[in-house]
Amino acid sequence: MKQYDVVALGELLIDFTENGTSGQGNPLFEANPGGAPCNVLAMLSKLGCKTAFIGKVGNDFFGEQLKCAVTEVGINADGLLMDEEVHTTLALVHTYPDGDRDFSFYRNPGADMMLRETELRTDLLQGTKLFHFGTLSMTDLEVRNATKKAIETAKENGAVISFDPNLRPPLWRSLEDAKEQTAYGLSQCDILKISDNEIRWFTGEEDFDAGIRRLKEQYEIPLILLSMGKEGSRAYYKDLRVEVKPFLQADTIETTGAGDTFGACCLYHVLTYGLENLDEPKLTQMLTFANAAASIITTRKGALRVMPSREEVEALIVERSGR
């Protein structure tokens, strides 16, 4: 018996999200807790899973805020360290009229880059059913080594490995370096969550099916989940290709955390049904629930603290199915 359903490793940071203007006409920003791995864990915790996080923040005001936020939403923070010398990573999120966004990072260095192999909580890695990671913990050598050691430890102890490239070009020395580390992640995972932009970037294929086919042939990943924004999502499993339409919202504010919410809901269904016996009805159910949850998060500022409940997601599905 494993103590945790999901353990994730990676970045935990503050997303400064635009929130109107001051009386003097200056932009106002709200300091939202963020970082893809913990967004994933927050949604899983909301669905009743036992989760834990491994990472590092600065021993500063924002680091304290993040530690409180993580524990507040039910994520075990025993593996979260606080760096005495390097500050918490910050991101400024610029939101476009359609809800899409762009990022400016303050991370040269940031505390999340300072995690070392010797600092890993191996008990968490040994005690989880599923281990999740992305590429932002692979941008620099030392934290990359820590990530690879964490993957190795989790695998040795029977964990299913989940990977989300979560490409952020400004944080890489070069896109070739990003591609190399993404390839490593692809070679290690059992579950891949990848976006439409990322599949085009990595494979060079404009056609999604052709891009996924290349990944399946080269890396033999059992389950690939493709998020396509306003076009919905797809799951590729064995010989199956399942596509589900999105739940578009008239009151979308921004898309921060939507992909993480989607991915978390898919992981929840894998934990429920296992990775060996998925079929078309189960994959359809998975994508429908994940699309609905992701659409709800687009109507809220931030993600980690405001994940939707199971009841909210199911209510939206019922509402839309009745139309």
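As shown above, the structure is provided for reference.
Bear in mind the structure is a predicted one, so any value in this text is a computation, not a measurement.

**Thoughts on unusual backbone geometry**
Item 1. Omega for the peptide link from Asn108 to Pro109 comes to 0 degrees, which places this bond in the cis form.
Item 2. When you line up the elements, Pro109 lands in the loop between strand S7 (101-106) and helix H3 (122-126).
Item 3. Unusually for a residue other than glycine, Asn166 sits at a positive phi of about 45 degrees.
Item 4. Structurally, Asn166 can be placed in the loop between strand S9 (160-164) and helix H5 (175-188).
Item 5. By relative accessible area, which is 10% here, Asn166 ends up buried.

**What to know about the nonpolar core**
Item 1. Within the largest apolar cluster, 56 residues are counted, with the highest numbers of intra-cluster contacts made by Leu12, Leu223 and Leu225.
Item 2. By residue number, the principal contributor to this core is helix H9 (residues 280-297), which donates 10 residues.
Item 3. Not counting the four nearest positions on each side in its chain, Leu225 is found in contact with Ile191, Leu192, Lys193, Ile194, Arg234, Ala235, Phe262, Cys266, Met286 and Leu287.
Item 4. Counting residues in each nonpolar core, the second largest holds 46 residues, with Trp201, Ile212, Leu215 and Ile224 among its members.

**A word on helix H2 (residues 61-72)**
Item 1. Between its first and last C-alpha, H2 extends 17 Å over 12 residues, near the 16 Å set by a 1.5 Å rise per residue.
Item 2. For H2, every residue scored as buried is listed here: Gly63, Gln65, Leu66, Ala69 and Val70. Looking straight down H2, one finds its buried side chains confined to an arc of 160 degrees; they lie on one side. Exposed and oriented more than 90 degrees from the buried face of H2 are Phe61 and Glu72.
Item 3. Packed against the buried residues of H2 are strand S2 (13-21), strand S3 (27-34), helix H1 (36-46), strand S4 (51-58) and strand S5 (75-83).
Item 4. Following H2 by one or two positions, Gly74 adopts a phi angle in the positive range, close to 95 degrees.

**Observations concerning the packing of aromatic side chains**
Item 1. Going through the model one piece at a time under the given rule, you end up with 6 aromatic pairs.
Item 2. Centre to centre, the rings of Phe61 and Phe62 are 5.5 Å apart; their planes meet at 70 degrees, and the pair counts as edge-to-face.
Item 3. Of the residues examined, Phe62 reaches a relative accessible area of 23% and is grouped as partly exposed.
Item 4. Taking the centre distance of 5.7 Å and the plane angle of 15 degrees together, the rings of Phe103 and Phe105 count as stacked. Assigned by exposure class, Phe103 and Phe105 land together as buried.
Item 5. Here Lys50 stacks its cationic end above the ring of Tyr4, 5.7 Å away from the centre of that ring.

**Structural notes on helix H6 (residues 196-203)**
Item 1. With 6 of 8 residues buried, H6 lies mostly within the body of the structure.
Item 2. Contacts made by the buried residues of H6 are with S9, H5, strand S10 (191-195), helix H7 (208-219) and strand S11 (223-227).
Item 3. Immediately beyond the C-terminal end of H6, within one or two residues, lies Gly204, with a positive phi of roughly 80 degrees.

Rules of the game
Residues numbered from 1 in each chain as written. Predicted model: local features only at pLDDT ≥ 70, side-chain atom pairs only at ≥ 80, totals over all residues. Heavy atoms only, no water. Helix = DSSP H or I, 4+ residues; strand = E, 2+ residues; numbered from the N terminus. Buried < 20%, exposed > 50% of the residue type's maximum accessible area, 1.4 Å probe, protein only. Core = buried A, V, L, I, M, F, W, Y, C linked by side-chain atoms within 4.5 Å. Contact = heavy atoms within 4.5 Å. Expected span 1.5 Å × (residues − 1). Arc of directions from axis to C-beta. Phe/Tyr/Trp six-rings, centres within 6.5 Å; stacked < 30°, edge-to-face > 60°. Lys NZ or Arg CZ within 6 Å of the ring centre and 35° of its normal.

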